[in-house]
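Spelled out from the first residue to the last, the chains are:
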Amino acid sequence: MKTVTLTLTNPSELFIEGQNITPDNFAGRKAAEIAALDVWEGKQKSPLGKYFTVEGDGGATAEETKIVLRGDCTRVKRIGQQMTAGEIVIEGNADMYIGGWMKGGKIHVKGNVDSFCGIGMEGGELVVDGNAAHHLGSSPRGEWRGMQGGVIRVAGNAGNDTATFINGGTIVIGGDADIHISTHGEGGTVIVKGNAKGRVGGQMVKGDIYVYGTIENPLPGFSMVDEVEQEVDGETARFAHYIGDLGERHPTSKGKTVYANLYTKL
Amino acid sequence: MSELLIRNGFVFDPLQGIKGDRMDIGVKDGKIVETNALSSPKTIDAAGMTVMAGGVDIHSHVVGPKVNVGRLFRPEDKLFKSPHKSPTCNRMEMGCSVPSTFKTGYDYARMGYVFVNEAAMPPLHSPHVHEEIRDTPIIDNAAMPVFGNNWFTLEYLKNNEIENNAAYTAWLLRATRGFGLKVVNPGGSEAWGWGLNCANIHESVPYFDITPAEIVKGLIETNEYLGLPHSVHLHANNLGNPGNYVDTLESLKLAEGYAPKNDFGRDQVLHLTHLQFHSYGGDSWGNFESRAKDVMDYVNTRDNLTVDMGQVTLDETTTMTADGPFEHHLCSLNHLKWANVDVELETAAGVVPYIYSPKVKVCTIQWAVGLEIGLYAKDPMRTFITTDHPNAGPFTRYPQVITWLMSRAARDATMKTFKWLDRTIDATSIDGIDRELGLYEIAQMTRAGPAKALGISNTYGGLAPGMDADIAVYALNPEDMPSDPAMIEKAFARCALLVKDGIVTVRDGEVVAEPAKRTVWVDVKVPENAQVQRDIYEHFLRHYSVKLDNYSLFEEHLHNPRVIEVDTTQ
Amino acid sequence: MPKRIENVGCPYCGVCCDDLVVTVSDDGKKILEVENACAIGNQIFHHATSEGRIKLPRLRQPDGTYKDISYDEAVDYAAKVLYNAKKPLIYGFGSTNCEGMAAAAKVAERAGAVLDNCASICHGSSFLAIFDNGYPSCTLGETKNRADVIVYWGANPAHAHPRHMSRYSIFPRGFFTGKGHKSRKIIVIDPRHTDTAQVADIHLQVKQGYDYDLFDAFRTAARGHEIPAEVAGIKREKILEVVEIMKKARFGTIFYGMGLCHSDGRNHNVDIAISLTRDLNDYTKWTIMAMRGHYNITGPGAVWSWQYGFPYCLDLTKKDIAHMNPGETSSVDLAMRDEVDAFINIGTDAGAHFPIEAVKHLKKHPWITIDPNICMASEISDLHIPVGIVGVEVPGIVYRMDNVPIQYRKVIDPPEGVISDEELFERIHKRLSELEAEETAKGPAKAAPEGARAEE
């Protein structure tokens, strides 16, 4: 694995759109070639090297390429977008769309991220040590095929609209989550280790949600059916088991109606 | 204006019966002329290439409210799917299954098309349709207002008042600057106002007490009474359901006994559109099967009928139709987002995304049904290539459809991708058809035939002197056709040259000019009709939500018109 | 002789009344009388010929005052601002015609700007719901002719859309609704006891911010499942009663307003309202409609959808492909995050409507206001360009709240020399093209706009 280190030395006036910052695009390129890749600041297209110093060459393939971002990337969007393999480490904060439409590989953000991170995710791993804003692991506007696979872990809190239209994969939020989790979901798992504000599982068809803390405003469309003991994210606990959203359509499988499951820790 | 001489191409012009002769085509002042009428033309070498008239699309949903709903409510149809703007075009090109107006114009031009007939215009929305026509570059457009669920039409036809219906029809064509009579799920879309449908052509429309069969017959009589360029253009009842070929045959038989009456060279009295969606057997999705042969056997024997295919292209697309109850039904099958627009006194519309997957048996049977229609056609001048864009697939897939029709190998290659190949073969006859169409037949099905059926073959669809200089050149040598079907598709996707109105518009597949496009409409002169005037006044006073004087299109909102005049008072 | 002009469209709200009769003075310069309009519509017409109209563009001077300049100078200034900015934002369009919107899009595409309309702070949340869940709707005449149950949810047309109830929903006698009001059941769902709630048969006083929960209860009950004894402050029995009325309707329409699409959850409230409408279509016929605010705020959503496939929040900065993602490319978000470096406010008043923090960020950069009138935005701008009032002085197509296009007329000429939005944008487009050509000829030397900045 070869490491390319990008250091933001000449910050932009506006925001930078860095969809080219992926192991896929860096693979097979020397440092100077990487510095020549395009990034956008509004309508202005510039080489990456205008803002970042680039040290190290890419590996032969995406899988063998690691990217480390240093400096304050709070105003850098789209890092790791559509990446398929390899690794990205962001030493501080980053802006929107980090790991958006990601198919494989790993992104580790040591600070906070803004909205739309991990949207349309198909595979790979996105780890955020701080907080994530809204639409974490959600689906892009209008797309009914939301998150398909992969894992998102946020140690802190998440904003609203986590996992809209989720179809697969797992999202683990260490802290609290704001309103709307797994709205329109048809699969996948969301685990909230803190509290959830409300609208948990609204219009949900299938899939699982675990809330360890409290749900401030539970929906009327969820109904408790039993208590279960389950192993979740490596630990076993007892949960109250609800099914829902009873207001939504539900498929049948082998003659039985399939509902979404909501588990709250007892 | 400049002169052009397109030299030495293999010319296919079914309107003149020219079958691949090596000829020169002269162009002067936007019209085709005899080559000896040219003085100093710019010469374009078309040696080794196929020359046809510009393409004519008889049925495509490209402009208007429901198309725009399809664009608006599918942002995901743009994400990572739109091409980057071409440096040779004026505007960006966004969208995939429902392209922007700009992309629509450019892509049709790249395929060598010059005329597209918008398949359904809700009359109340005609200013919207004409705004979009303005923003659709290059191609000439016409738009057909819908009549089959219009309260005036239902009331007049219930009482068998053909003359009154004709006067109203003439008024509406003028008010909307429309082209012809479109009929969508006659009676059924009105029933949808109450959440209902007409299950077959003999089921009465709620309140109006008239059957779909009576509506269609009444409209055929109206159309021939007026002598319009185009015939009644019918989207028949019971679209998309197993066993509907029975209803389709019944609908087609409604034309029996009627003869065309017009001055535009049109021979049919009924055009039944997207026949693929109407040629199904079985009584459930489990035993769903093709009945294309039964339907085409009938069509082949009736000279007063034309049809178009509505070929399924096996893509993710966006369905949209004035058949409101059908779209609701579709949404209950695939559970995707559903838009619906019922239009007061006139029509309805629905829009639902749909994925035609090669992994789904029904979809691959539908694919076969469409091609069977094209391949069973005895008269390609009466059977046209469409995808009912975007319903069965985007129009940008026409080159693929042409290739399937021209090449058994292309069909076989596609069938290899089917998950349920054996069941598809069992439920259809596609595997038993070896027929491969030739370039002359393709020219019949994509320009000469549609132009004749639309009644515009004096201007479009051919290469005779005096016609519009709309000429498409494809990099295909009929004497040395490529063995790889992909090369045929490539040639039709990006024409080597398109001349539109005498202006070189596409070169090597790239749009290089954007000549002014036209709006084609039909202006019918009828005798004064006091009763109809009064009926119009009354309905606008009491039931419409807009004022009569604001309903008719203002002249300033009609863009570069080409009017076809019909005078019934003579 | 004063001239009476009939069938005039009203440039106030999304109801788009097109039955106004305007009487104009003999010399065609003064509006004497406006019939059929509500009080607000009436005022718009009379205001047009009142004293104090701005007739020339005004450029900010070093001493903070405005100086009149020519349209050519204003066009040059605007073109240079757009040309030099990295990410200019063009926002507004609540009050102009579709022709102006199409011309503005041409400018935005050429300049590489973000193009947004007032839906961004209004019914934009409805668009998000439509993207995700569709929109089973109808034209207003359908409601008038067929509806026997009307729901107003978080909407107060008695004040915001004064003639909505009389023209389309509660009171009119239509083809199948000859008894008018008597044949209809009216349900109002609103935390406040509004004037609209006064005419309701049933008023559900939903707890503020719990609309989503109430919809979920409706849907759950409609499918025959148990619901809690009380949801969102409404008793179970009442919910079940309303569900039955909805299921047994012959034709129903849910009209919803900002009370729904801007209370907690925003787009999701609309989204689940759409789901309920879908569900009800399994039993009978139901439709839903957003109570769009301005008379042509539906217009930009239509025009830009056919031009780009997106109704609002269009990021055209790449000049070769459009991108839309409200939350990122929406005007207030862009302003709050300091993502743009020039601002054109057209046919609206961002100065009054945007959060103060957003205005402060925008004020760091050039700000141009295009509007017939003096408004808060025009007073904090660097350049104010007056234009003719659409529907009064400029004709054109507008889209009613139900997406029906209405052809508007002009009743008087604009003040002498004042041009339309469309002409203004066409001229800016031409100037932009010239600047591009100049740059190609000269190399990258930039022509900076001359003028002073308004104080921040």
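Residues numbered from 1 in each chain as written. Chains lettered and ligands numbered in written order. Predicted model: local features only at pLDDT ≥ 70, side-chain atom pairs only at ≥ 80, totals over all residues. Heavy atoms only, no water.

### Here we look at the sheet that holds strand β14 (residues 305-308) of chain B
All names here are of chain B. In space, the five strands of this open sheet follow the order β9-β10-β11-β14-β18, with parallel pairing throughout. In this open sheet, the two strands that pair with only one neighbour each are β9 (182-184) and β18 (383-384). Where β9 and strand β10 (residues 232-235) come together, three bridges link them in parallel fashion. Counted as the bridge partner of K182 is H233 from β10. (Pairing = 2+ DSSP bridges. Helix = DSSP H or I, 4+ residues; strand = E, 2+ residues; numbered from the N terminus.)

### Section: the environment of I385 of chain C
All names here are of chain C. For I385, the position within the fold is in strand β20 (residues 383-385). Spatially, the C-alpha atom of I385 lies 36 Å from that of F255, the residues being 130 residues apart in sequence. Once you skip the residues sitting within four places of it in the chain, I385 turns out to touch P57, Y71, A74, I368, T369, I370, D371 and L424. (Contact = heavy atoms within 4.5 Å.)

### Thoughts on the pairing of strand β8 (residues 87-90) of chain A
Residue and element names in this part refer to chain A. Note: strand β6 (residues 65-70) against β8, four bridges, orientation parallel. Directly across from K66, in β8, lies its bridge partner E87. Here β8 pairs with strand β9 (residues 106-109) via four bridges, running parallel. Its bridge partner lying in β9, I88 is registered against I107.

### Focus: unusual backbone geometry
The linkage connecting G244 of chain A with the following residue, D245 of chain A, adopts the cis geometry, with an omega of -25°. For D245 of chain A, the location among the structural elements is in the loop between β18 (235-244) and β19 (252-253). A cis amide bond links H389 of chain B with the next residue in sequence, P390 of chain B, at an omega value of -5°. Of note, the phi angle at R199 of chain A is positive, near 50°, even though the residue is not glycine. Of note, R199 of chain A is situated in the loop between β14 (196-198) and β15 (206-211). Here R199 of chain A falls in the buried class, since its relative accessible area comes to 4%. One non-glycine residue with positive phi stands out, namely N185 of chain B, at about 40°. Position of N185 of chain B relative to the elements: it lies in the loop between β9 and α6 (188-191). (Buried < 20%, exposed > 50% of the residue type's maximum accessible area, 1.4 Å probe, protein only.)

### Thoughts on the nonpolar core
Counting 357 residues, the largest nonpolar core has L6 and F52 of chain A as the members making the most contacts within it. In terms of residues, this core owes the most to one element, helix α11 (residues 361-376) of chain B, which gives 10 residues. In contact with F52 of chain A, not counting residues within four places along its chain, are L6, T7, L8, T9, I16, I21, L69, C73 and V76 of chain A. Counting residues in hydrophobic clusters, the runner-up holds 19 residues, among them I6, I44, A46 and V499 of chain B. (Core = buried A, V, L, I, M, F, W, Y, C linked by side-chain atoms within 4.5 Å.)

### So, the confidence of the model for chain C
When pLDDT is averaged along chain C, the result is 96; 97% of the residues meet or exceed 70. Scoring of the predicted complex yields 0.97 for pTM and 0.97 for ipTM. (pLDDT = per-residue confidence, 0-100.)

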